[in-house]
Amino acid sequence: MENETLKTIHERRSIRSFKPKQITDEELRTVLEAGTWAPTGMGSQDPIIVAVQNKELADEIRQLNARMMGTKSDPYYGAPTLVLVFSPKSNPNHVKDGALILGTMMLAAHSIGLGSCWINRCEVVFSELPESASLRQRLNVPEGYEGIGSLALGYPKTEPHAAKARKEDYFRIIK
C-alpha cells in the first residue's frame, strides 16, 4: 500500500548539513502549525513550540548545547532555524506529547522540501545550567516547563544517505 503520507514517512531522514539561507516565513509557519496538530494526552495541547531565527540567540543555544555535549562543534549542524519544544512537567504525558510534536514537525518539514534533525539535551540546556532561567525567560517559557527536544531546521546542503533496511523482527502481529 502506498500514498503520499507513507512516502514521506519512508523518505524522511535526519539532515546534518544545512545551507545558510533562512527558510521562508510560510515554510516555518507550515512546520510549526503541523506540530500543533500532533496528538496530546487528553487533548491538553499543553506543550509550547518556540522557533528561534535570531542569530545571536540561536548561537547562544548552540554554544550551551555544545558545552553539554562536551564539544565545540555546532550540535545544530549550521541550521538557520532552531525549533524548541517545551512541556509542563506537571503533565504526566509531557515527554510523549512533546516527542509526538517533534516527530510530526519533522515529517511536515520533509514533505515541503526542508531538512530537519532531532537535537537532544534540551532538558539540560533549559533547566540545569546557570543560564537556563534567563534563557527560558527570553523565550517566554513559563516556569515548570521542561525542554523535551529541539530541531535543526533548514534547507539541506546535501542529499541524505540511503535508509538502512528495516530489521526483520521490527514488529510482531499476534492474533
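Reading the values: rules and limits
- Residues numbered from 1 in each chain as written.
- Predicted model: local features only at pLDDT ≥ 70, side-chain atom pairs only at ≥ 80, totals over all residues.
- Heavy atoms only, no water.
- Helix = DSSP H or I, 4+ residues; strand = E, 2+ residues; numbered from the N terminus.
- Buried < 20%, exposed > 50% of the residue type's maximum accessible area, 1.4 Å probe, protein only.
- Pairing = 2+ DSSP bridges.
- Axes fitted to C-alpha atoms, helices over the stretch in contact; angles between N-to-C directions.
- Salt bridge = Lys/Arg side-chain N within 4 Å of Asp/Glu carboxyl O.

Caption draft 1: Geometry of unusual backbone geometry. For M42, which is not a glycine, the phi torsion comes out positive at approximately 60°. Within the secondary structure layout, M42 lies in the loop between helix 2 (25-36) and strand 1 (48-52). Take M42: its relative accessible area is 87%, and that puts it in the exposed class. Unlike most non-glycine residues, Q45 shows phi in positive territory, near 50°.

Caption draft 2: The arrangement of the sheet that holds strand 3 (residues 115-119) in detail. What the four strands build is an open sheet, ordered 1-2-4-3; its pairing is antiparallel. The open sheet has two free edges, formed respectively by strand 1 and strand 3, since each of these has just one partner strand. When the angles between neighbouring strand axes are averaged without regard to direction, this sheet yields 25°. In the sheet, strand 1 pairs with strand 2 (residues 81-88) via five bridges, with the strands oriented antiparallel.

Caption draft 3: Quick peek at the pattern of salt bridges. One pass over the structure, following the stated rule, counts eight salt bridges. We note a salt bridge from D59 to K55, for which the minimum N-O separation is 2.8 Å. Separated by four residues within a single helix, D59 and K55 lie in helix 3 (residues 55-69), roughly one turn from each other. Classification of D59 as partly exposed rests on a relative accessible area of 24%. According to the relative accessible area criterion, K55 is exposed, its value standing at 55%.

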